[in-house]
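# Structural characterization, general
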Amino acid sequence: MSRSEVVTMVLGRRLPQSSYYDKDFRPSASLYRARQPYLVKNAFTGIAMLGFAISVYTFTIRAVSQDEFEDVKVPDAPVEAPPTSSAVAQ
Amino acid sequence: MATVPSICSKCLRQAIRSTPKSTTHRSFTASASKSPSTPPTRRIHHSTRQRTPAIEPQNHSNATPYTSGAVRGRQTDQAAAAQRQPSRVLLQPNNLFHSYTHSPSPEIRQRAAFMRQNAYCPHPDHHASPEGGEAAVAPPRHVSHECPDCGIPVSCSPDHFVDDYASHLEICDLLRQINEDDHDLLSGRFFPEFEYPGPQIDEAQVNLTNWDTLLYSREFNAVNEERPMRQVTRLLTYPITVGSVLHELSPYSLNDRLLPEGLRSLSALRHTLHPPRSGAGVDIKGLRPNPPPMRLFILGARAESSLPREVWLQLSHLFPRSSFHLIFIGPESMSGRDHEYPLPERTPINPFGQIVEDRLGGQMKISTYVEYYHTLHEAQHFHPFDPYFDAFVLFHPGLGHPASSHEWKETLPQLLETKCPVICTGYTEFDMERDISWVRESCGGEADLLMRPGENRFRSLRWDLNDADPGDVSCGNWGVWAFRGKRYEADEYRGKEGDGSGGWDR
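Residues numbered from 1 in each chain as written. Chains lettered and ligands numbered in written order. Predicted model: local features only at pLDDT ≥ 70, side-chain atom pairs only at ≥ 80, totals over all residues. Heavy atoms only, no water.

All names here are of chain B. Inspection of the secondary structure assignment puts N350 in the loop between strand 4 (324-329) and strand 5 (355-360). Since its relative accessible area comes to 15%, N350 is described here as buried. Beyond its immediate chain neighbours, meaning those up to four positions away, N350 contacts P344 and E345. (Helix = DSSP H or I, 4+ residues; strand = E, 2+ residues; numbered from the N terminus. Buried < 20%, exposed > 50% of the residue type's maximum accessible area, 1.4 Å probe, protein only. Contact = heavy atoms within 4.5 Å.)

Structure below.
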């Protein structure tokens, strides 16, 4: 039975809302304080993960873009056959 | 020369006061309500340690808006919930600073009168010079002049006040904060911070890094301002300090302040406090044998024994799968609980007249003994002690304090003999260091340090005023440390490291 919930009146109905967010659903000061020991470490972790994802993409695209396809002979465009009159018997 | 730092029992009582109820039953909801206390009618031992006496308002039927309005958060009590909103607010938030002598509240005016009768002016002219060559310039006089910035009488005359202004400036801001906090308690506002949450599911971990993470992970109501934070931590510091040391996610580790001997003791206790899951359930198939409860002996209990039981239940909510038995022992363990007098008779079944409050929240039981601990120990009342189940907690015991250390002389060897950890707190660093050196000298080499002294992460954020010396501010449980009797065990030889000195030098 959590008591950290404050109700908001929306269209006559009550929605439960954590008291750690204000009425505009923005984090309150107490939430920022609770997150504060982990802000820097989380930021570094996020940057590291983003960097890892970007580097994987970069490496893959560069590796793939180096492929040479000169040895694959592209066949000539097919010669168009004269339009055969459909045997439409008049 | 500092006089005794001691928690102002009057302040604490103001914080926990609520409407009086009948005392016939000792259930949880009744014990949460306390009437403003009158001086206890019976004291077995009069402690010589100086503290504020129990000066009370003339009649508590003349309830201030605070006492009628701010009934403490009892979630299950509808009548209390209806009473919670006060009919009028005595003081607005921007109107909280008042001189103590001219305060709108009669209790604070009474405190100011007490200060004028008991507190002495700290100006050096009143004291003999340190070399002992001359007598004091002026005889000691009581304070009467109030500082205009903090509203508390601190000097005997305006001249001494101006003379000593530099040293007063150091604490003037703090005193003003104390002033505003005191008036805030009596302002009759709604106190959402005093609505405590119930138990949590096991999987919801508690974060014991600091107050903010703890309150968030325990799903307290969000406390955005600093003033309510100070008010709520002042009460919660007692159970949470103990919980933060004992919990397996404790912030004190081997890298921090814990010593290897401390880890041994705490691991034994954590084995009981965090038992492995046994598949227990609420039906017949879920019946499992349960271990006995963890016993916490709170010695020298004064104000903490009168804390509302919801506050002590927060300790059991930190440990969802274990049960607790809190035992308050001390000559003043009934201070602030005057509506529970007269004490039970001493019968063969109840030889020391203990008051038992059982079935608190399903996992806690609280017993109170108005007796010295050494008496109970000699009677072997709690024997046998088991380091897996028992621990001692001393909240600001004043072990080394000259006025109270003689009372602990007999108890210390008995505590060391039980080999159970003793967790101590202190008002200030100086207080703690004095306690530690006293233990170190008196133990005769029989004590091991378990946790090095330092600031308690879960100390009270609110500073308290000593009415008998307005220059003396202290906060509850500022620091925490722990010791235990030395255990002699055959162990492998580890060279010079394990020299058995007890860790006091680290």
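What tends to happen in soluble globular proteins is that the nonpolar side chains get buried as a cluster. Residue and element names in this part refer to chain B. The biggest cluster of nonpolar side chains holds 54 residues, and the ones touching the most others in it are L236, L246, L296, W312 and M364. Per-element accounting of this core gives the leading share, nine residues, to helix 9 (residues 226-246). Every residue in contact with L296, bar those within four places of it in the chain, is listed here: V242, L246, L315, F324, H325, L326, I327, A391 and V393. Counting residues in hydrophobic clusters, the runner-up holds 33 residues, among them L412, M432, C475 and W481. (Core = buried A, V, L, I, M, F, W, Y, C linked by side-chain atoms within 4.5 Å.)

It is worth spelling out unusual backbone geometry at this point. Residues and elements named next belong to chain B. With an omega dihedral of -5 degrees, the bond running from Y341 to P342 counts as a cis peptide bond. Examined against the element boundaries, P342 turns out to sit in the loop between strand 4 and strand 5. Of note, the bond from H383 into P384 is cis; its omega dihedral lies within 30 degrees of zero at -10 degrees. Examined against the element boundaries, P384 turns out to sit in the loop between helix 12 (373-378) and strand 7 (390-394). Even without glycine at this site, R359 takes up a positive phi of about 60 degrees. With respect to the helices and strands, the residue R359 is situated in strand 5. R359 gets classed as exposed once you look at its relative accessible area, which sits at 70%. Although it is not a glycine, N477 sits at a positive phi angle of roughly 55 degrees. As for its placement among the helices and strands, N477 is situated in the loop between strand 11 (469-475) and strand 12 (479-485).

Here the focus is the sheet that holds strand 9 (residues 447-455) of chain B. All names here are of chain B. The strand order across the open sheet formed by eight strands is 5-6-4-3-7-8-12-9, and the pairing between neighbours is mixed. Only two strands of the sheet have a single neighbouring strand rather than two, namely strand 5 and strand 9. For this sheet, the mean angle separating the axes of adjacent strands, direction not counted, is 15 degrees. Across the sheet, helix 10 (residues 260-273) touches strand 3 (294-299), strand 4, strand 7, strand 9 and strand 12, and the angle it forms with strand 9 is around 85 degrees. In this fold helix 15 (residues 429-442) packs onto strand 8 (422-426), strand 9 and strand 12, with an angle of close to 10 degrees to the strand it touches most, strand 12. (Pairing = 2+ DSSP bridges. Axes fitted to C-alpha atoms, helices over the stretch in contact; angles between N-to-C directions.)

Contacts between the two partners involve 19 residues from chain B, matched on the other side by 15 residues from chain A. Contact between chain B and chain A buries roughly 1400 Å² in total, counting both sides, with carbon and sulfur atoms accounting for 48%. Applying the counting criterion to the chain B and chain A interface returns one salt bridge. Measuring nitrogen to oxygen at the nearest pair gives 2.8 Å for the salt bridge that ties B:D212 to A:R33. Taken together, the links from chain B to chain A amount to eleven residue pairs in polar contact (both at pLDDT 80 or more). Counting residues per element, the side of chain B that touches chain A draws most heavily on helix 8 (residues 211-217) of chain B, at four residues. (Buried area = accessible area lost by both parts, 1.4 Å probe. Salt bridge = Lys/Arg side-chain N within 4 Å of Asp/Glu carboxyl O. Polar contact = N/O pair within 3.5 Å; in protein donor to acceptor, adjacent residues only side chain to side chain.)

All names here are of chain B. Evaluated as defined, the whole model comprises 16 aromatic pairs over all chains. Ring geometry for W312 against F395: centres 6.3 Å apart, planes inclined by 50 degrees, an arrangement best described as tilted. Note that W312 is positioned in helix 11 (residues 309-318) and F395 in the loop between strand 7 and helix 13 (405-408), a separation of 83 residues in sequence. Ring geometry for F385 versus F392: centroids 5.7 Å apart, planes at 40 degrees, classification tilted. Overall, F392 belongs to the buried group, its relative accessible area being 0%. Taken together through their ring pairs, the aromatic side chains of F297, Y369, Y373, F382, F385 and F392 make up a single cluster. The residue whose ring lies beneath R176 is F97, and the NZ or CZ to ring-centre distance is 3.8 Å. (Phe/Tyr/Trp six-rings, centres within 6.5 Å; stacked < 30°, edge-to-face > 60°. Lys NZ or Arg CZ within 6 Å of the ring centre and 35° of its normal.)

Averaged over all residues, the pLDDT of chain A equals 82, while 77% of them reach at least 70. Across chain A, element-level confidence peaks in helix 2 (residues 39-65) of chain A with a mean pLDDT of 96 and bottoms out in strand 1 (residues 5-10) of chain A with 54. (pLDDT = per-residue confidence, 0-100.)

All right, on to the packing of helix 9 of chain B against helix 11 of chain B then. Residue and element names in this part refer to chain B. Their axes nearest at 8 Å, the elements helix 9 and helix 11 cross at an angle of 25 degrees. Judged by the angle between their axes, helix 9 and helix 11 are roughly parallel. Two packed elements cross with a definite hand, and for helix 9 against helix 11 that hand is right-handed. Here L235, L236, Y238, P239, I240 and G243 of helix 9 lie close against helix 11, whose contacting residues are V311, W312, Q314, L315 and L318. Classifying every residue of the contact of helix 9 with helix 11 by side-chain character gives nine nonpolar, two polar and no charged. (Parallel < 35°, antiparallel > 145°, perpendicular 65-115°, else oblique. Left-handed = near helix turned anticlockwise from the far one by under 90°. Nonpolar A, V, L, I, M, F, W, Y, C, P; charged D, E, K, R; others polar.)

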